[in-house]
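Structure assessment
Each chain, letter by letter, is given below.
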Amino acid sequence: ATFTDTGNTIQTVTVKIGGSTYRLSKHSNSDHESLAVHNIGDTEITIYSEKVSKKRRKLPCGASWTVVEKVD
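Cut-off values and rules
Residues numbered from 1 in each chain as written. Predicted model: local features only at pLDDT ≥ 70, side-chain atom pairs only at ≥ 80, totals over all residues. Heavy atoms only, no water. Helix = DSSP H or I, 4+ residues; strand = E, 2+ residues; numbered from the N terminus. Buried < 20%, exposed > 50% of the residue type's maximum accessible area, 1.4 Å probe, protein only. Contact = heavy atoms within 4.5 Å. Areas by Shrake-Rupley, 256 points an atom, 1.4 Å probe, with all protein chains shown as cover. Pairing = 2+ DSSP bridges.

**A look at the overall build of the chain**
Along the backbone of the chain there are zero helices and six strands. Start at the N end of the chain and walk to the C end: the helices and strands fall as β-β-β-β-β-β. The proportion of buried residues among the 72 residues of the chain is 11%. Long-range pairs, those at least 24 residues apart, make up 2% of the contacts in the chain with a sequence separation of at least 6. When the accessible surface of the chain is summed, it comes to about 5800 Å², and 49% of that surface belongs to carbon and sulfur atoms.

**Remarks on the pairing of strand β6 (residues 64-70)**
The side chains of a regular strand alternate, first on one face of the sheet and then on the other. Across seven bridges, the pairing between strand β5 (residues 52-58) and β6 is antiparallel. Looking across to β6, one finds that K58 is bridged to S64. Linking β5 to β6, which pair antiparallel, is a turn of five residues; within it G62 sits at a positive phi near 105°.

**Thoughts on the environment of K58**
Relative to the elements of secondary structure, K58 occurs in strand β5. Under the relative-accessibility criterion, K58 is labelled exposed at 65%. If near-sequence neighbours (up to four positions away) are discounted, K58 is found in contact with A63 and S64.

Put into structure tokens, the structure is as follows:
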């Protein structure tokens, strides 16, 4: 697959090799672009090009999200 820079988009291709499925995505925006493996099989994986910290936050109602911040 060829990923083109099309502004603030996420482009994805799924590759199957034997019994493994890899989903590769490129996230483009005006400041930064990166290529990340988002899934290997049923396991969600994100590869960051820079050092980051990840903190999971959960609300009393059960909603949750992950905050990702660059670490210098």
